Amino acid sequence: MIPPKPAARAEQVSFLGYLRLFRRDILSAQPAKLYRAWMAEYRTPFFRSYLINQPDLIRAVLNERPMDFPKSDRVGEGLRPLLGNSVFLTNGADWQRQRRIIDPAFEGGRLRDTFPAMWSAAQACVTRLSKKVGGQPIEIEEETSFAAADVIFRTLFSIPIEDKTAAAVFREFRTYQRSQPILNLGALLPLPRWLPRGFRRSTKRSARIIRGLIADMTRARQEQIRSGMAPNDLATKIMTTQDPETGEMFSAEEMIDQVAIFFLAGHETSASALAWALYLLALEPDWQARVAQEAAVLTEDPDFSVMSKLKVTRDVFREALRLYPPVPMMVRQTTCPEVFRDRDIPTGSQVVVSPWHLHRQNRLWDNPDGFDPARWESENGKNCIRDAFIPFSSGARVCPGAGFAMIEGPLLLAALVSEFQIEPITDRTPVPVAHLTVRSENGIWLRLTRRDGS
């Protein structure tokens, strides 16, 4: 069975027609040719945009010359009300300083330290779902959002999502996610700084509330650090890390920006990938049975070493990331004239790297639209994981939490499949759309029953 993907638009549409399609959903606004093209050029009245699918061009932009291709300011047009001056949006020296402070918190040894909190969140998720199993369909995206947010709060601030402040952040973030597309019209039109960006009132209100709640948690943690009572979690690590070049630490305002992106990147992306992984396993009972068998290593109190034994589960999660990359497109900007495929690329052009299209590129992948976790052991899969698999970006700007996600995702997936038999709801096929991340237009509905029959 081929998992769902959105229908492509017609090859020729007007600029205004493209704006309408883009505003509704980035994925269905693109033509089918992008699944086979090495490069495609778009010209609008205001700028030129080039989507690249050719691996050597992507390596040049992301890996070999990242400082020559900074993040486009157009990305920040839609996200700055929530993310401020976070590491996701900055460039140049600001971005380098932020990464020098953030990266140590996500090194291998620190990830091992987060495992108990992740396992506690996984157990809490199983307990919540145990109360909902039976005949009624469950909207699983809502459940995975809750679980991923729980992981973030437990690993970042050592509090479960049931904490009053954590629960409030989660509620407001759901409101924000539903009201804000990944890019707004400011990403397509060269609007002057003084002109309003057209954000919905609810979007701006939710961003203010979220940042206010994060500010409260940050101030409380600063007091704990000063008193010597702070827990040894990710927030404490980041807030006490000095830039090795300047000796500076994050200010309170900077920390609010960083926590906002940790929540967005660590919550939204993980929730999306986990929900799609569960749906794919519901479509493929044989693979689901293999994950359930492998998950037997999850004893009552497992330690970090179990992750090396969840190989099939990891491949399933990786395949979900391939088919439904949480962040479907990344936008860079040229700082000088370039030549791509014998074509002159002017300074200031937008360079779009699309994991969504790259991961389904007809010329690179065997069976690109099919669900096949076994591909990662094939020669084609091993080649593509080097050249055409970038769910967390690549190079200097690779997501600092990539390793974190590849522990969290397989762990939660194994914990859930070990406890529940998962079936699809045949009359509710999910339709992928891109808002902040790749989600389903009307949710992902599944039926869960206990494996032990209780």
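You'll find the structure just up there.
Within every chain, residues take consecutive numbers counted from 1 along the sequence as written. Whole-chain, interface and lining totals are the exception, using all residues; otherwise, since this is a predicted model, local features are given only for residues with pLDDT of at least 70 and side-chain atom pairs are given and counted only at 80 or more. Only heavy atoms go into the side-chain values, all of them from the structure, while hydrogens and water stay out.

A. Spotlight on unusual backbone geometry. A positive phi angle, close to 50°, is found at R341, a residue other than glycine. Secondary structure follows DSSP: runs of H or I at least 4 residues long count as helices, runs of E at least 2 residues long count as strands, and numbering of each begins at the N terminus. Examined against the element boundaries, R341 turns out to sit in the loop between β5 (338-340) and β6 (343-345). A positive phi angle, close to 60°, is found at D342, a residue other than glycine. By the secondary structure assignment, D342 is in the loop between β5 and β6.

B. Structural context of the pairing of strand β7 (residues 350-353). A 1.4 Å probe rolled over the protein chains alone gives each residue an accessible area, and that area as a share of the maximum for its type sets the label: buried under 20%, exposed over 50%, partly exposed in between. Burial along β7 is two-sided: Q350 and V352 and V351 and V353, pointing in opposite directions, are all buried. A pair of strands is labelled paired if DSSP reports no fewer than 2 bridges between them. Note that strand β2 (residues 48-52) and β7 share four bridges and pair parallel. Its bridge partner lying in β7, L51 is registered against V352. As judged from the four bridges shared by strand β4 (residues 330-333) and β7, these two strands associate in the antiparallel manner. Paired with Q333 across the two strands is Q350, which belongs to β7.

C. Here's a closer look at the side chain of E294. By secondary structure assignment, the location of E294 is in helix α11 (residues 285-294). Residues scored as charged are limited to Lys and Arg (positive) and Asp and Glu (negative), so that His and the chain ends carry no count. Just to be clear on terms, a salt bridge is a Lys or Arg side-chain nitrogen sitting within 4 Å of an Asp or Glu carboxyl oxygen. Within the buried core, E294 has no salt-bridge partner, and the shortest N-O distance to an opposite charge, that of R290, equals 7.2 Å. Within the structure, the side chain of E294 is placed 2.6 Å from the side chain of T313, a separation counted as a polar contact. In this description, contact between two residues means that some pair of their heavy atoms is separated by no more than 4.5 Å. If we skip the residues at most four places from it in the chain, E294 touches K309, L310, K311, V312 and T313. Pairing of N or O atoms within 3.5 Å defines a polar contact, subject to two protein rules: one partner must be a possible hydrogen donor and the other a possible acceptor, and residues neighboring in sequence count only if both atoms are side-chain atoms.

D. Structural view of the environment of L274. Topologically, L274 is positioned in helix α10 (residues 252-283). A C-alpha to C-alpha distance of 28 Å links L274 and Q98, two positions 176 residues apart in sequence. Beyond its immediate sequence surroundings of up to four residues, L274 is in contact with T144, F317, G409, L412, L413 and L416.

E. Local environment of the packing of aromatic side chains. Side-chain rings of Phe, Tyr and Trp (the six-membered ring for Trp) are treated as a pair once their centres are within 6.5 Å; stacked means planes under 30 degrees apart, edge-to-face means over 60, and tilted covers the remaining angles. Here the structure, examined in full by the defined rule, presents eleven aromatic pairs. Aromatic side chains F106 and F262 sit 5.9 Å apart centroid to centroid with 65° between the ring planes, which places their arrangement in the edge-to-face category. Of this pair, F106 sits in the loop between α4 (92-102) and α5 (108-130) while F262 is found in helix α10, placing the two residues 156 residues apart along the sequence. Both residues of the pair, F106 and F262, count as buried. When the ring of F146 is compared with that of F170, the centres are 5.2 Å apart and the planes differ by 85°; the resulting orientation is edge-to-face. In this pair, F146 sits in helix α6 (residues 140-157) while F170 sits in helix α7 (residues 164-179), placing the two residues 24 residues apart along the sequence. Site record: aromatic cluster; members linked through ring pairs are W276, Y279, Y324 and W356. Should the NZ of a Lys or the CZ of an Arg lie within 6 Å of a ring centre and within 35 degrees of the ring normal, that charge is described as sitting over the ring. R318 extends its terminal NZ or CZ atom over the ring of W376, reaching a point 5.4 Å from the ring centre. Its guanidinium or amino end placed over the ring of W356, R360 lies 4.6 Å from that ring's centre, counting from NZ or CZ.

F. Region of interest: a positive patch on the surface. On the surface, a cluster of positive charge is contributed by K33, R36, R341 and R363. For R341, a relative accessible area of 44% corresponds to the partly exposed category. The residues that make up patches have over 30% relative accessible area and no salt bridge, and they are joined within 9 Å when like-charged or within 5 Å when they are Val, Leu, Ile, Met, Phe, Trp or Tyr. Throughout, the Shrake-Rupley method with a 1.4 Å probe supplies accessible areas, and for residues the shown protein chains are the sole cover considered. We put the charge of a Lys on NZ, of an Arg on CZ, of an Asp on CG and of a Glu on CD.

G. Quick look at the sheet that holds strand β1 (residues 39-43). Taken together, the four strands give an open sheet; going across it, the order is β1-β2-β7-β4, and neighbouring strands pair in mixed fashion. One side of each edge strand has no neighbouring strand; the edge strands of this open sheet are β1 and β4. Sheet twist, expressed as the mean angle between neighbouring strand axes with direction ignored, is 25°. Axes here refer to lines fitted to C-alpha atoms; in helices the fit is confined to the stretch in contact. Angles between the N-to-C directions go from 0 to 180 degrees.

H. Summary view of the environment of C336. Relative to the assigned elements, C336 resides in the loop between β4 and β5. In the structure, C336 is positioned 162 residues away from R174 in sequence and 39 Å away in space, judged by C-alpha atoms.

I. Broad picture of helix α14 (residues 379-387). Residues of α14 that are buried include every one of N380, G381 and C384, and no others. Along the axis of α14, the buried residues cluster in a sector spanning 90°; they form a single face. Facing away from the buried side of α14, by more than 90 degrees, are the exposed residues E379 and R386. Working definition: the arc comes from the directions between the helix axis and the C-beta atoms, pointing outward to the latter.

J. Structural context of the nonpolar core. Only buried Ala, Val, Leu, Ile, Met, Phe, Trp, Tyr and Cys residues count toward a nonpolar core, and they belong to the same one when joined by side-chain atoms within 4.5 Å. Grouped together as the largest cluster of nonpolar side chains are 135 residues, with contacts concentrated most on I52, F106, F153, L278, F340, L413 and L446. Per-element accounting of this core gives the leading share, 19 residues, to α10. Ignoring sequence-local partners within four residues, the contact set of L278 consists of I140, T144, L413, L416, V417, I422 and L446.

K. The pattern of salt bridges, seen in detail. Enumeration over the complete set of coordinates arrives at 26 salt bridges. With a shortest N-O distance of 3.2 Å, R59 and D387 are connected by a salt bridge. With R59 in helix α2 (residues 55-64) and D387 in helix α14, this pair connects stretches of sequence that are 328 residues apart. R59 sits in the partly exposed class, given a relative accessible area of 32%. D103 is the partner of R99 in a salt bridge, and the nearest nitrogen-oxygen pair spans 2.8 Å. Overlapping salt bridges, with partners in common, bring together K311, D315, R318 and E377 in one network.

L. Local environment of the environment of W376. Within the secondary structure, W376 sits in the loop between α13 (355-358) and α14. Residue W376 is classed as buried on the basis of its relative accessible area, which comes to 5%. Sequence separation of W376 and V316 is 60 residues, and the distance between their C-alpha atoms is 9.5 Å. Residues contacting W376, with those up to four places away along its chain left out, are D315, R318, E319, R322, W365, G381, K382, I385 and F389.

Geometry only, nothing functional implied.
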